[in-house]
Structures are given as structure tokens and as C-alpha cells.
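# Commentary on secondary and tertiary structure
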Amino acid sequence: MTPDQMTELARSLATGLDAADDLHHAILAGVTEGTLSDREADALFPKVRAEASTALAARLDQLDAGFLTAVIRHAAGHAPVPTAATIQSHLRQTDVAPVMTPDPQDTPATALPSDRAGMPAFSDRAFDPWFAALRTGDDMLYGYGLYGEKRRVYQADQYRDASGPEPRARHLGIDIFAPAGTPVTAPLSGRVHRVAYNADPLDYGHTVILEHKTEDGTPFWTLYGHLGQPLVAEGAAVNAGQSIAPLGDWHENGGWAPHLHFQIITSLLAQTDGNFFGVGHDSLWPVWAEISPDPNLILRLPETVFTL
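Read on for an overview of the structure. (Residues numbered from 1 in each chain as written. Predicted model: local features only at pLDDT ≥ 70, side-chain atom pairs only at ≥ 80, totals over all residues. Heavy atoms only, no water.)

### Remarks on the packing of helix α2 (residues 23-30) against helix α5 (residues 65-75)
Going by this rule: Only the stretch in contact is used when fitting a helix axis, every axis being a line fitted to C-alpha atoms; angles between N-to-C directions are given from 0 to 180 degrees. The helix count covers DSSP runs of H or I at least four residues long, the strand count covers runs of E at least two residues long, and both are numbered beginning at the N terminus. Handedness of a helix crossing follows the sense of rotation of the near helix relative to the far helix, less than a right angle counterclockwise being left-handed and clockwise being right-handed. Note on definitions: a residue-residue contact is assigned when non-hydrogen atoms from the two residues lie within 4.5 Å. Each residue gets one of three labels, nonpolar for Ala, Val, Leu, Ile, Met, Phe, Trp, Tyr, Cys and Pro, charged for Asp, Glu, Lys and Arg, and polar for the others, Gly among them.
It is at 8 Å that the axes of α2 and α5 come closest, and there the two elements cross at 35°. The element α2 and its partner α5 pack so that their crossing is right-handed. Within the contact between the two elements, α2 uses H24, I27 and L28 and α5 uses F67, L68, V71, I72, H74 and A75. Considered class by class, the residues forming the contact of α2 with α5 number 7 nonpolar, 2 polar and no charged.

### Re helix α1 (residues 3-18)
Rules: To estimate how far a helix should reach, multiply one less than its number of residues by 1.5 Å. Only protein chains enter the accessibility calculation, which uses a 1.4 Å probe. A residue is then buried if its area is under 20% of the maximum for its type, exposed if over 50%, and partly exposed in between. It is the directions from the helix axis to the C-beta atoms that the arc portrays.
For α1, spanning 16 residues, the distance from its first C-alpha to its last is 22 Å, which sits close to the expected 22 Å at 1.5 Å a residue. Listed as buried for α1 are M6, L9, A10, L13, A14 and L17. One side of α1 holds all its buried residues, which, seen down the axis, span an arc of 135°. Structural note: α1 exposes D4 and T15 on the side pointing more than 90 degrees away from its buried face. Those residues of α1 hidden inside the fold are in contact with α2, α3 (38-51) and α4 (54-60).

### Let's talk about the nonpolar core
Basically, it comes down to this: Nine residue types can take part in a nonpolar core, namely buried Ala, Val, Leu, Ile, Met, Phe, Trp, Tyr and Cys, and a core is a set of them joined through side-chain atoms within 4.5 Å.
Counting 46 residues, the largest nonpolar core has L36 and L44 as the members making the most contacts within it. The residues touching L36, leaving out its near neighbours within four places in the chain, are M1, M6, L9, V31, A41, L44, I72, A76 and H78.

### Considering the layout of surface pockets
We count it as follows: Cavities and pockets are found on a 1 Å grid laid over the protein atoms alone: a cavity is a set of points where a 1.4 Å probe fits but cannot escape, a pocket is an open set with protein on both sides within 12 Å along at least five of seven lines, and a lining residue has an atom within 4 Å of such a point. Grid points are joined across faces, edges and corners, and a volume is the space filled by probe spheres set on the points.
In this model, the largest pocket occupies a volume close to 440 Å³. If you trace the largest pocket, you find 23 residues lining it, with D203, Y204, N275, F276 and G278 closest to the centre. Going through the elements one at a time, β3 (168-171) and β11 (259-265) are the ones with two or more residues in the lining of the largest pocket. Of the residues that constitute the lining of the largest pocket, the class distribution is 9 nonpolar, 8 polar and 6 charged.

### Details of the sheet that holds strand β8 (residues 219-227)
Put simply, the rule reads: Paired strands are those between which DSSP finds at least two bridges.
With respect to topology, 8 strands assemble into an open sheet ordered β1-β2-β4-β11-β8-β7-β6-β9, the strand pairing being mixed. Strand pairing shows two members of the sheet lacking a second neighbour, β1 (109-111) and β9 (237-238), which therefore form its edges. Of the pairings in the sheet, the one linking β1 to strand β2 (residues 142-145) comprises 3 bridges and is parallel in character. Note on β2: the bridge partner recorded for A111 is Y144. Where helix α6 (residues 84-93) meets the sheet, it contacts β7 (205-213), β8 and β11, and its direction lies at approximately 70° from that of β8.

Right, here's the structure in full:
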């Protein structure tokens, strides 16, 4: 595509977005598969932003430019994250340590789909005694919240943004429910990218993001949400199996029953602080599933723990 053609496409797309109720779907409609090279797809969003009206520019500036570029790449027929396949291949082949102690591989478990009959919501304090009653004596029990699950709790305005009316309601991590104070450990060696306290109600509370690398140096990240006070500092090296934090209680974990939100991230998009999207748009699942693939690539739990 010539520079003039790129400019004309950007201008046309900006015009379409200006009147769009849903910006993501307008991008999918305005970018034709096969018309843009990899490099052109990466370069299109800044050109659209330059052609945008004042109102559209203000709207776009509220959104993650990296995610909008991933949507453009998807619409053009490219992988939303160019390095995602390499990272997933690496994770299938590399050795991992448990993400919690005791080892989930050797611990009784139950699936916790959000629509499980009789189960209180994860944000309802009645969940704790309900979950405790599932245990046999003093034996440890892990409960698993599902990756890719569309959850009603995420229908609130907190999970909508300037892109349009669709909430981010599909879960990008695996939740591991256990008593507060249970040790959370690094499954892979790496370094501490961010330590943060995300204080909004139903956010992550204490959060740690670790950075790792594949054999060829491609970076990727793992996120640990709903923690107690972290035991690591930003920039520090972390060994596989090292304890990074205890599991947090209600007052410090965003207001949830104690559990770990564990997530893989292949691209941080335009996010630079200690937070990251924990849920994605259902209609854009092919994009989100490349940004945050199934955490069971690392956990390696049998599928039986995710079904009743």
C-alpha cells in the first residue's frame, strides 16, 4: 500500500469511527483482511488518530492504543500479538514450578464455575463458609475459577469503557481459591516487573507482575492478583519456586473471597503500571486469547479440576 493509500484508509476509518457506537466493531468492519502488511497494520492506528476529529480523538485517548492495534492486526488477518505463538510454544516445553504451596498437582480440588448451583458470589462473604464446608476435615482444598468464562459480575460500568457498550466480561485468568495466607510462588524464573496496590473495589488489591523470557529473549509476563503484602520488590530477580506473596484476605485483595488470579500476558499493550486487564470482550475473544492465553499452559492441571 502506498503512503497516499495508507492516509486515505486512515481518513476513511476515522470517519467511520466518528459515528460508531462500538469502535472495535467499526475497526473490524473498516479494515479488510489481506489489505495490510504486518508493518502497515502496526502503523495504522497512529495515522487514524492523526485524522480523528476532536471528539473521536478524545474518545480514542481513553483507550489502550496497543489493544486497538491488536484489533487492527486481527481484522487485517495477522496474529493480534506477533510473538504469542512463540511464547505459547516455549511454555509448552519449559519446566515449571507450582504456583502455590501446597502443590496444586497433589491437592484435592473442586471446580467453581460462577453459575455453580447454591454457590454464593465470589464477592459475597457468605462464600467463605460455603467453600470451607466443602473441605474434608483439615485437608487443603483448592477451588478453580475458569479461564474464558463469561461472568455476570463483570456487567457493571466499571468493566465498560469509551470503546462502546460491550463490557469486558470474559475471564482472562484462572482463579485458585484457598485460605488467606496460602503461599503464592513463582512458577518460572524472571524478574519483578511491577508491585502495586490496585485499590478500587473489585480490583486486584495487592498485585505482582513478573517478567520472563523465552530462549530467544522474547519477553512475556505473569500476573498475580488478590495478594497479601508482597515479599518481592520491583526489579528483583525471582527464582522458580520462590515465594512472592501470601494470598490476600478481603480487606487487601479488592474485596473478594481469598483467591489467586493467575494470568499469562504475551503483550502489555500500552499498560505501564501495575495493573492489567483481567477480563476481555466476548466478541473479541480471538484477540484477548492471544494477549492472555490459557494459564493452564503453566499450571498443567488435569481438565477434571475445571468440571463438576
